[in-house]
Amino acid sequence: MTPLPIRLRLTLRYFAVCSCAGIVLCAATWFLLRFSLERTGSALAETTAVHGRLDAVQMAMSQAPSIALLHMFARDLLLMAPLFFFLSAILSYWMSRKALSPIAELALRAREISGQGLDIRLPVSNANDELSDLSTSLNQMLNRVDAGNRIIRDFTANAAHELRSPVALIRSEVEAALSSPKSSEEYRESFANLHQETIHITGLLDNLLMLARADAGTEILNYEVVDAGRLVRRVGDKWSNSMRQALLEFHVETCCAPALIRVDLVSIQRLLNILIENACRYTPPGGSITLRATADTERVLLEVRDTGIGISGEHLPRLFQRFYRVDSARSRQLGCSGLGLALAKWIADQHHATLIVESEIGIGTCFRFAIEQTRIPDTRSQRTLVMASSA
């Protein structure tokens with residue numbers, strides 16, 4: 001059964017209340033009038049003494065006029081009942097319309113909101129009532145939807161732009177190679193350029209997919225206990241050859257005693273690789289990069305420090321935004337997509353760590369984050385360390 005509209009239900013309730021109140025008022029008036037007439041027309045008795053003898057004098061009054069008046073009043077009430085109910089219906093409809101007018105205004109304004117008009121907000125009344133609370137809650141929801149929609153639009157536009165550049169380069173390389181016969185050395189150079197662009201596209205797609213899974217909450221991290229020193233040394237060994245080729249000094253510093261941390265090994269290595277890769281990009285030949293792990297009684301501090309060009313302070317608050325680049329032209333030439341630091345921040349957040357950056361122009365940049373140490377028995381520690389070292 002289809003429910004009645006809210007306005008009709010509210011009108012019927014108001015009508016029922018007004019009708020019941022009118023009926024009770026008329027009935028009370030009729031009974032009060034009857035009671036008053038009965039008292040007025042009742043017999044009056046008076047006792048007097050005449051010559052020492054008591055005589056009772058009794059007077060009576062006819063109640064016929066009173067009864068006729070009551071009947072006339074009842075008849076007038078019955079005759080006025082249709083008019084009373086009609087006026088009650090009009091009053092009930094006006095009251096329901098007045099009560100629902102703020103909701104109608106909210107509905108009218110909500111119809112104006114679309115995917116291109118998410119900047120429209122619902123009116124909030126000055127009265128501190130339920131409707132104002134509802135409008136405020138809906139406006140807060142619209143703010144979140146607008147922010148999410150803006151992020152999606154920017155993300156889509158930036159991703160399309162990032163993919164367009166390497167695809168255009170690949171197309172131009174292929175067209176140049178097919179335009180005329182070339183030597184084997186020229187073909188080798190073309191293939192090397194294509195290989196470099198495919199590596200860039202692969203890294204960009206990997207970052208995009210991981211961020212998409214992170215936003216959807218489907219990225220699963222497998223936590224295990226590892227030794228921070230061995231983790232840092234393993235990452236450093238992978239970068240040693242690249243640092244020599246880039247003419248950079250690379251130092252790996254670890255704590256002496258084992259420092260156990262509970263992390264997702266793959267993602268934490270990716271975080272460190274992102275930081276080291278950024279340091280390598282923006283550090284000129286002859287500079288130095290340091291990968292360091294230090295520990296205190298409660299936490300393990302992981303740090304990547306370089307002597308590169310540095311970052312201006314005005315860029316630091318937006319450094320972890322997706323696709324944000326300090327120098328767009330230079331970053332694109334170096335193959336930077338602007339997603340690495342956003343991904344690094346997400347990985348740090350999943351480990352309940354805060355990724356902190358300190359930088360000064362001409363001196364260098366330092367990224368650091370701290371992870372709580374894990375306390376486990378010695379036998380389990382040794383077994384975990386062996387598993388981590390053999391992974």
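The structure presented is a predicted model; accordingly, all values stated were derived computationally and were not measured.

Reading guide: rules and limits
Residues numbered from 1 in each chain as written. Predicted model: local features only at pLDDT ≥ 70, side-chain atom pairs only at ≥ 80, totals over all residues. Heavy atoms only, no water. Helix = DSSP H or I, 4+ residues; strand = E, 2+ residues; numbered from the N terminus. Buried < 20%, exposed > 50% of the residue type's maximum accessible area, 1.4 Å probe, protein only. Polar contact = N/O pair within 3.5 Å; in protein donor to acceptor, adjacent residues only side chain to side chain. Contact = heavy atoms within 4.5 Å. Pairing = 2+ DSSP bridges. Axes fitted to C-alpha atoms, helices over the stretch in contact; angles between N-to-C directions. Salt bridge = Lys/Arg side-chain N within 4 Å of Asp/Glu carboxyl O. Phe/Tyr/Trp six-rings, centres within 6.5 Å; stacked < 30°, edge-to-face > 60°. Patch = residues over 30% accessible without salt bridge, like charges linked within 9 Å, V, L, I, M, F, W, Y side chains within 5 Å. Areas by Shrake-Rupley, 256 points an atom, 1.4 Å probe, with all protein chains shown as cover. Left-handed = near helix turned anticlockwise from the far one by under 90°. Nonpolar A, V, L, I, M, F, W, Y, C, P; charged D, E, K, R; others polar.

Asks: Outline the side chain of histidine 351, supporting the account with residue identities and numerical values.
Replies: Locating histidine 351 in the fold gives a position in the loop between α8 (340–350) and β8 (356–360). Overall, histidine 351 belongs to the buried group, its relative accessible area being 7%. A polar contact is formed between the side chain of histidine 351 and the backbone nitrogen of aspartate 264, at a distance of 3.0 Å. If we skip the residues at most four places from it in the chain, histidine 351 touches Tyr223, Arg262, Val263, Asp264, Ser267, Ile268 and Ile371.

Asks: Tell me about unusual backbone geometry, and name the residues and values.
Replies: Keep in mind that most residues, glycine aside, have a negative phi and that most peptide bonds are trans. Residues other than glycine seldom take positive phi values, yet leucine 247 does so here, at roughly 60°. Tracing the backbone shows leucine 247 in the loop between α5 (228–245) and β4 (249–253). With a relative accessible area of 58%, leucine 247 lands in the exposed category. You will see that histidine 352, though not glycine, has its phi angle at about 55°, which is positive. As for its position among the elements, histidine 352 is in the loop between α8 and β8. What makes histidine 352 exposed here is its relative accessible area of 78%.

Asks: Lay out the sheet that holds β4 with the relevant residues and their values.
Replies: Here 5 strands make up an open sheet; going across it, the order is β4-β6-β7-β9-β8 and the pairing mixed. Edge positions in the sheet fall to β4 and β8, since each of these pairs with one other strand and no more. Each neighbouring strand pair of the sheet contributes to a mean axis angle of 10°, computed without reference to strand direction. Here strand β7 (residues 299–306) runs beside strand β9 (residues 364–372); their pairing, made up of 7 bridges, is antiparallel. The residue bridging leucine 302 from the neighbouring strand is phenylalanine 369, located in β9.

Asks: Tell me what's going on with α8, and back it up with residues and numbers.
Replies: Most of α8 sits out of view: 8 of its 11 residues are buried. Residues of α8 that are buried include every one of Gly340, Leu341, Ala342, Leu343, Ala344, Trp346, Ile347 and Ala348, and no others. Tucked inside the fold, the buried residues of α8 contact α4 (184–216), α6 (265–281) and β9. At the C-terminal side of α8, histidine 352 shows a positive phi close to 55°.

Asks: Provide a residue-level description of the pattern of salt bridges, including the pertinent values.
Replies: With the rule as written, the count across this model stands at 9 salt bridges. Across the pair glutamate 303 and arginine 305 runs a salt bridge, and its minimum N-O distance is 3.4 Å. Look at glutamate 303 and you get buried, because its relative accessible area is 7%. What emerges from the salt-bridge pattern is a single network uniting Glu253, Arg292, Glu303, Arg305, Glu358 and Arg368.

Asks: I'd like a description of the packing of aromatic side chains, backed by residues and values.
Replies: Applying the stated criterion across every chain, the model contains 1 aromatic pair. Taking 6.4 Å as the distance between ring centres and 80° as the angle between the ring planes, the aromatic pair formed by phenylalanine 320 and phenylalanine 367 counts as edge-to-face. Of this pair, phenylalanine 320 sits in the loop between β7 and α7 (328–333) while phenylalanine 367 sits in strand β9, placing them 47 residues apart in sequence. On the accessibility criterion, phenylalanine 320 (16% relative accessible area) is buried.

Asks: Please set out the pairing of strand β6 (residues 288–295) residue by residue, giving values where relevant.
Replies: The sheet contact formed by β4 and β6 spans 5 bridges and is parallel. Within β6, the residue paired with phenylalanine 250 across the bridge is isoleucine 289. As paired elements, β6 and β7 share 7 bridges and run antiparallel to each other. Paired with threonine 290 across the strands is arginine 305, a residue of β7. In this structure, the hairpin formed by β6 and β7 is closed by a connection of 3 residues.

Asks: Any chance you could break down the side chain of glutamate 303 for me, citing the residues and the numbers?
Replies: For glutamate 303, the location among the structural elements is in strand β7. Within the local environment of glutamate 303, its side chain forms a polar contact with the side chain of arginine 292, the two groups lying 2.4 Å apart. At 3.4 Å, the side chain of glutamate 303 and the side chain of arginine 305 are in polar contact. Beyond its immediate stretch of four places on either side in the chain, glutamate 303 contacts Thr290, Leu291, Arg292, Cys366, Phe367 and Arg368.

Asks: Now, about a nonpolar patch on the surface: what can you tell me, with residues and values included?
Replies: On the surface, Leu83, Phe86, Leu87 and Ile90 cluster together into a nonpolar patch covering about 410 Å² of accessible area. Tracing the backbone through its elements, the reader meets leucine 87 in helix α2 (residues 64–111).

Asks: Please give an account of the packing of α5 against α6 that cites residues and values.
Replies: How two helices pack is summed up by the angle between their axes together with the distance between the axes. Where α5 meets α6, the axes come as close as 11 Å, and the angle between the chain directions of the two elements is 35°. At the point where α5 passes α6, the crossing takes the right-handed sense. Two secondary-structure elements touch here, α5 through Leu231, Arg234, Val235, Lys238, Trp239 and Met243 and α6 through Leu265, Ile268, Gln269, Leu272, Asn273, Ile276, Glu277 and Cys280. Along the lines of polarity and charge, the residues of the contact of α5 with α6 split into 9 nonpolar, 2 polar and 3 charged.

Asks: Lay out the pairing of β8 with the relevant residues and their values.
Replies: Here β8 shows one buried face, formed by Val357 and Ser359, and one open face, formed by Ile356, Glu358 and Glu360. Where β8 lies against β9, 5 bridges are found, and the strand directions are antiparallel. What sits directly across from glutamate 360, in β9, is glycine 364. Where β8 folds back on β9, the antiparallel hairpin that results is connected by 3 residues, among which glycine 362 adopts a positive phi of roughly 80°.

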